[in-house]
Amino acid sequence: MSEEILVNVTPRETRVAVVENGMLQELHIERGWRRGVVGNLYKGRVQRVMPGMQAAFVDIGLERAAFLHVNDIHRPNAAVNSGDEQLEASPQPTQVRPITELLRDGQDIVVQVLKDPIGSKGARLTTQISIPSRYLVLLPQSRVVGVSARIEDDAERARLKALVSELSMPSAAGYIVRTNAEGQPSEALAEDIAYLSRVWALIEKGSRESRVGECVYEDLNLPLRAVRDLIRRDVEKVRVDSRETFEKLRTFAAQYMPGESEEDSGLAEKIEHYSGARPIFDLYGVEDEIQRALQKEVPLKSGGYLVIDQTEAMTTVDVNTGSFLGQRTLEETVFRTNLEAAQSVARQLRLRNLGGIIIIDFIDMHDVDHRRQVLRTLEKSLIKDHAKTTVYDFSPLGLVEMTRKRTVESLERQLSEACGTCSGRGTVKTAETVTYEIFREITRAVRQFEAERLLVIASPIVVNRITEEESAAVAELEEFLGKSIRFQADDQYLQEQYDVVLL
Ligand SMILES: [Zn+2]
């Protein structure tokens, strides 16, 4: 399997596409300038210790001095707390030691930014350092291996804990096993530990050799995270359409993911600057694929199609057969369509990044062996997915239930919003329904308010319908109410919108 990664950089948006055998499989998007300094490590110098506030001001090279509170100063055996990963923390007695015993003016320390500076407030710092990778968080000052509480299976928790403890053996660092480590093989965790050890070695070197105010570790933006997270050894190529990002990626890969031997130059050699005239996402039709990934219907080669619906509670996938081809029996056509659908569903879940409960309504099959093969195909196709998936057997009604864990919103939620015309319902009231609503509204308005004449403004479709098909009804209404009613079309009005105005 050949895997290629395309990185598209524009001033406000970075997109990373994972293409396997010429087919888009995954898309990652980062927008805006979220990039603050949170997560970065600096070599700082204590400017002033303030015993009254139990805090210190630290110069980290930013415009304003940063703030370090005594509670954020590392003490051996203190409880750790890191990012989104909830840990079962064993209660620790808080050692209250005055800040003057921990820090002194003019001292050089390595600090990590907890909060970006806002307005006149400087950044907030900690000396309890944590460095994330795909599946782990390195806690260089700790010795504990903790597993995210969101991994619920006891056997899996024990496996991960034992694995990470064993793999990290020579070093004395602590690790948090992140939620998405669930189900990952030991090689993946070993790669992460190797990566984090390299990061930490460079941080230590940096803290010795840097000047005060220099950044010794920078939290990764999307292109760098992509290189860190997505690139396994079998990636053939990474193409980047920005020279600046390309250079950053090369440097990063050379530093953190070097080759394992003289001949193996590592990932850096696989990263290329793409300077072609065609937009990079036109390669392999990636841009078109993204547009299609926002559609409900997915055509299948066999002539059938999928209908994918994302609701609040779950995602449903309906498998439909195309026209029956005389060559095969109906049973055979259904089986072939379901097999193709199983592969397509796996790809679409990953591409659209759908999570939570997913219910697949395959076309009815009576042959037990056919059902088994469709289920097997689905499971096999899901192996490449990095998100954890669990597939259950066919339910009595012939549905397949499955779950998929993910950490970011689906592609649709990232790129789309509910349609303003139908408010996301996917349907609008018919012109006929709106017509009768208007008639009721007229009656109500006339009873409530004094008026000689009425003006109704509505969409052209509704007004046309009223004047062409309902003129008799309008005449009757006018006579009944004793008022004249005028209809006016306005193309600013959506089909469901109208106003009844009393003149
Ligand atoms: Zn709509």
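Use the structure listed above.
Overview of the structure. Computed from a prediction, not measured in an experiment: that's the story for all the values here.

Criteria and thresholds
- Residues numbered from 1 in each chain as written.
- Predicted model: local features only at pLDDT ≥ 70, side-chain atom pairs only at ≥ 80, totals over all residues.
- Heavy atoms only, no water.
- Pairing = 2+ DSSP bridges.
- Helix = DSSP H or I, 4+ residues; strand = E, 2+ residues; numbered from the N terminus.
- Axes fitted to C-alpha atoms, helices over the stretch in contact; angles between N-to-C directions.
- Contact = heavy atoms within 4.5 Å.
- Donors = N, O, S within 2.8 Å, 3.2 Å for Na, K, Ca; no water.
- Buried < 20%, exposed > 50% of the residue type's maximum accessible area, 1.4 Å probe, protein only.
- Expected span 1.5 Å × (residues − 1).
- Parallel < 35°, antiparallel > 145°, perpendicular 65-115°, else oblique.
- Nonpolar A, V, L, I, M, F, W, Y, C, P; charged D, E, K, R; others polar.
- Phe/Tyr/Trp six-rings, centres within 6.5 Å; stacked < 30°, edge-to-face > 60°.
- 1 Å grid on protein atoms, 1.4 Å probe; cavity = no way out; pocket = protein on both sides within 12 Å on 5 of 7 lines; lining within 4 Å.
- Points joined across faces, edges and corners; volume = space filled by probe spheres on them.
- Domains from an automatic or database assignment.

1. Some remarks on the sheet that holds strand S2 (residues 13–20)
Then, number 1: Here we have five strands laid out as an open sheet, ordered S3-S2-S1-S14-S15, and mixed in their pairing. Pairing within the sheet leaves two strands with one partner each, and these edge strands are strand S3 (23–31) and strand S15 (271–273). Within this sheet the neighbouring strands show an average axis-to-axis angle of 20°, counted without direction.
Then, number 2: In terms of strand pairing, strand S14 (residues 235–240) meets S15 through three bridges, oriented parallel. By the bridge assignment for S15, Val 240 is matched with His 273.
Then, number 3: Sheet contacts for helix H5 (residues 243–256): strand S1 (3–10), S14 and S15; angle to S15, the most-contacted strand, approximately 160°.

2. Focus on the coordination of the zinc ion
Then, number 1: Coordination of the zinc ion by the protein comes from Cys 419 (SG) and Cys 422 (SG), over a distance range of 2.2 to 2.3 Å.
Then, number 2: According to the relative accessible area criterion, Cys 419 is partly exposed, its value standing at 37%.

3. A short note on H5
Then, number 1: Along its 14 residues, H5 runs 20 Å from first to last C-alpha, staying within 8% of the 20 Å computed at 1.5 Å per residue.
Then, number 2: In the core, the buried residues of H5 are packed alongside S1, helix H3 (186–209), helix H4 (222–230), S14 and S15.

4. Examining the packing of H3 against H5
Then, number 1: Running from amino to carboxyl end, H3 crosses H5 at an angle of 100°, the nearest separation of the two axes being 9 Å. As judged from the angle between their axes, H3 and H5 are roughly perpendicular. Contacts from Tyr 195, Arg 198, Val 199 and Leu 202 in H3 reach Phe 252, Gln 255 and Tyr 256 in H5.
Then, number 2: Of the residues that constitute the contact of H3 with H5, the class distribution is five nonpolar, one polar and one charged.

5. Re the packing of aromatic side chains
Then, number 1: One pass over the structure, following the stated rule, counts four aromatic pairs.
Then, number 2: Here the aromatic rings of Phe 362 and Phe 394 are separated by 6.0 Å at their centres, their planes lie at 50°, and the arrangement is tilted. Of this pair, Phe 362 sits in the loop between strand S19 (356–361) and helix H8 (368–381) while Phe 394 sits in strand S20 (residues 389–394), placing them 32 residues apart in sequence. In this pair, the class of Phe 362 matches that of Phe 394, namely buried.

6. Things to note about the layout of surface pockets
Then, number 1: Empty space within the second largest pocket amounts to approximately 810 Å³.
Then, number 2: For the second largest pocket, the lining is made up of 34 residues, of which Glu 218, Asp 219, Asn 221, Leu 224 and Lys 248 are closest to its centre.
Then, number 3: Of all the secondary-structure elements, those providing two or more residues to the lining of the second largest pocket are S1, S2, S3, H3, strand S13 (215–217), H4 and H5.
Then, number 4: For the lining of the second largest pocket, the leading source of residues is H5, giving eight residues.
Then, number 5: Taken together, the residues that form the lining of the second largest pocket break down as 15 nonpolar, nine polar and 10 charged.
Then, number 6: Both domain 1 (3–33 + 224–286) and domain 2 (41–217) contribute no fewer than three residues apiece to the lining of the second largest pocket.

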